[in-house]
Amino acid sequence: MNVPYWIKSAEGRTYDALNEDHTTDYLVIGGGITGVTCLYLLTKSGLDATLIDANRIGYGTTGRNTGKATVQQGYIYSNIEKRYGIEKAREYYEINVRAIQFIEDVSRECGIDCQFKRLPAYLFTQDEASLGKLKREYEICQKLGMDCSYETQIPIPLDVLGAIKMNHQAQFHPKRFVDGLAQKAAEQKGRIYENTRVVDFQPGKECVIRLENGKTITARHVIIASHYPCYDGKGFYFARLKPERSYIVAVEMEEFPEAHFINIEDPTISLRHIPEEKLLLISGENHKVGHDDDDHYQKLTDIVKRVFSKYEVKYQWSAQDYIPHDEVPYAGYLNSDYKNIYVGTGYRKWGLTNSIAAALIIHDLIKGQESPYEELYSHLRVKDIVSLNFLKENADMAYQWLAGKLTLGESELPMEKGVGAIVNVNGKRCGYYKDEADNIYLVDITCPHMGCELKWNSQEKSWDCPCHGSRFDYKGNVLEGPAEYGLNGYREAPNKVNPQIK
Ligand SMILES: Cc1cc2nc3c(=O)[nH]c(=O)nc-3n(C[C@H](O)[C@H](O)[C@H](O)COP(=O)(O)OP(=O)(O)OC[C@H]3O[C@@H](n4cnc5c(N)ncnc54)[C@H](O)[C@@H]3O)c2cc1C
């Protein structure tokens with residue numbers, strides 16, 4: 001897997017794995033920005049709390065994004081206004097403003113050197129067909145009283161048809177921020193365990209969580225901050241969330257305007273400078289996980305070459321996020337049955353602020369206070385599933401499930417090293433990979449989450465699920481997504497499918 005700049009430049013301290021049974025009042029599952037912010041708020045309120053992560057703090061999508069903290073998130077306000085009315089659009093704006101302020105205040109108070117910087121953000125279009133939508137978005141932004149202006153030029157060499165310049169937005173080093181926040185939460189008596197994966201979840205007054213190593217955690221309250229919920233609890237998140245991957249390349253660039261940029265049309269072009277390292281990040285090439293195996297890094301590099309005449313790539317990496325059908329994240333109770341299980345997910349690639357919004361909502365609910373934002377972020381809203389997107393995405397999941405089963409696989413094994421393929425060995429369909437040392441890996445490629453058939457991702461050398469976004473390395477280890485178990489080898493029993501819906 002390609003290592004992102006954020007992780008390379010902030011190794012972070014390590015925490016032990018949990019190797020014994022454990023009891024806690026509050027358990028946070030997931031050590032990304034959602035989970036760490038929850039742990040920080042809970043321990044600041046003097047509550048007894050533990051956080052566990054299957055991997056390491058900040059090594060998930062939190063360490064793999066573009067590090068923009070902004071209320072400007074595409075067509076979001078006109079979209080929310082259309083579905084839910086102007087007051088809900090105002091609530092979304094307000095809590096995202098609070099989230100940026102939270103990052104600024106907390107990093108200052110806790111002495112976290114996360115390169116937080118205020119600057120303007122531009123949302124632009126080069127596409128005649130998108131101009132009307134951009135103008136509509138600007139109208140709603142004005143109605144909400146945002147500090148923004150309509151522009152016909154932007155300070156980078158791109159010809160645009162129109163742009164919204166949003167003042168007082170921000171950028172920061174997301175990995176350093178979560179590392180510092182985790183450290184602070186630990187000082188506030190929060191317990192943190194890394195390399196500690198949840199594989200089973202029994203809800204109840206006291207939830208019982210089983211770990212991969214067989215140990216259990218008993219917790220009165222659980223916050224699921226595992227990006228894709230590791231336990232669904234009949235919230236039907238598997239049908240509500242679309243997994244989408246994007247790519248980032250970083251090129252050396254000394255001078256760049258103090259601003260960040262994103263267009264509204266497809267294909268996405270998102271730009272953000274890291275002045276401390278003289279690096280420009282360019283991100284885009286979005287596609288549904290397991291749906292498009294192309295040379296996305298090269299395509300991004302071609303854009304940088306064309307626009308900035310730069311081509312020496314210093315870093316490249318990819319990551320994924322989950323998109324709700326109505327584009328509003330889910331934060332609050334996981335379902336209506338249990339008032340002691342909470343979730344934060346579905347951030348649509350704007351999770352650096354929305355994760356903090358989620359943590360603030362969850363913290364309010366835990367403290368018995370009402371949250372003015374609970375209704376908007378609740379999974380109980382129905383307009384997310386009464387939508388064309390919902391039907392389209394779920395029809396695609398069914399198609400992928402069936403089409404995968406009907407693909408037979410090659411009988412000839414590929415000769416080249418570093419190449420993965422679906423092959424047929426003695427009538428058994430499996431995933432094949434030969435590494436540089438001529439070791440051959442044959443794995444069962446039925447996804448252990450809900451039984452979809454995995455596809456090969458040649459960019460990251462992984463097996464990716466086109467239905468719900470679980471990913472595995474070529475040896476079969478879980479990389480990310482809802483799957484809790486890895487892939488079994490050719491000579492082992494078939495994979496155990498464990499949907500965790502219950
Ligand atoms: C290319 C890209 C660029 C982006 N850029 C921006 C941006 O500029 N601004 C912005 O606001 N947002 C951006 N985002 C979105 C943002 O990065 C994410 O929404 C956010 O980081 C999600 O944080 P999280 O804590 O929910 O998840 P993660 O950071 O993924 O953390 C989840 C953690 O849960 C752990 N976990 C998972 N399953 C288990 C289990 N079974 N047991 C124990 N632990 C488990 C994982 O190991 C992981 O550490 C971007 C996203 C992408 C893909």
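Residues numbered from 1 in each chain as written. Predicted model: local features only at pLDDT ≥ 70, side-chain atom pairs only at ≥ 80, totals over all residues.

Asks: Where do I start with the overall build of the protein chain in this structure?
Replies: The secondary structure content of the protein chain amounts to eleven helices and 24 strands. In terms of overall dimensions, the protein chain is globule-like: its C-alpha atoms have a radius of gyration of 22 Å, near the 23 Å expected for 502 residues. Buried residues in the protein chain amount to 51% of all 502 residues. (Helix = DSSP H or I, 4+ residues; strand = E, 2+ residues; numbered from the N terminus. Rg over C-alpha atoms; globule rule 2.2 N^0.38 Å. Buried ≥ 20, exposed ≤ 12 C-beta atoms within 10 Å, placed from the backbone.)

Asks: Which parts of the structure should I look at to understand the sheet that holds strand E19 (residues 428-434)?
Replies: One key point about sheets: their strands pair by backbone hydrogen bonds, in either a parallel or an antiparallel sense. Strand order across the open sheet formed by three strands is E18-E19-E20, with antiparallel pairing between neighbours. The strands lining the two open edges of the sheet, one partner per strand, are strand E18 (420-425) and strand E20 (440-443). Averaged over all pairs of adjacent strands, the angle between their axes in this sheet comes to 35°, without regard to strand direction. Inspection of the sheet shows E19 paired to E20 by four bridges, in the antiparallel sense. In the sheet register, Gly 431 faces E20, and the bridge partner there is Val 443. (Pairing = 2+ DSSP bridges. Axes fitted to C-alpha atoms, helices over the stretch in contact; angles between N-to-C directions.)

Asks: It is not clear to me how the site of the ligand should be interpreted in this structure. Could you clarify?
Replies: Close to the ligand lie 39 residues; Gly 30, Gly 32, Gly 60, Asn 65 and Gly 351 are nearest. Breaking the shell around the ligand down by element, the ones donating at least two residues are helix H2 (33-44), strand E11 (241-252), strand E15 (313-324) and helix H9 (351-366). Counting residues per element, the shell around the ligand draws most heavily on H9, at four residues. Grouping the constituent residues of the shell around the ligand by class yields 13 nonpolar, 20 polar and six charged. (Near = placed C-beta within 6 Å. Nonpolar A, V, L, I, M, F, W, Y, C, P; charged D, E, K, R; others polar.)

Asks: When you look at the domain arrangement of the protein chain in this model, what are you seeing that I'm missing?
Replies: The domains assigned to the protein chain are domain 1 (5-377) and domain 2 (387-502). Of note, the centres of domain 1 and domain 2, computed from C-alpha atoms alone, are 27 Å apart. Tallying the contact residues gives 24 residues for domain 1 and 25 residues for domain 2. Those elements giving two or more residues to the side of domain 1 that touches domain 2 turn out to be strand E8 (198-202), helix H7 (237-240), E11, helix H8 (296-308) and E15. The biggest single contributor to the side of domain 1 that touches domain 2 is E8, with three residues. (Domains from an automatic or database assignment. Contact = placed C-beta atoms within 7 Å.)

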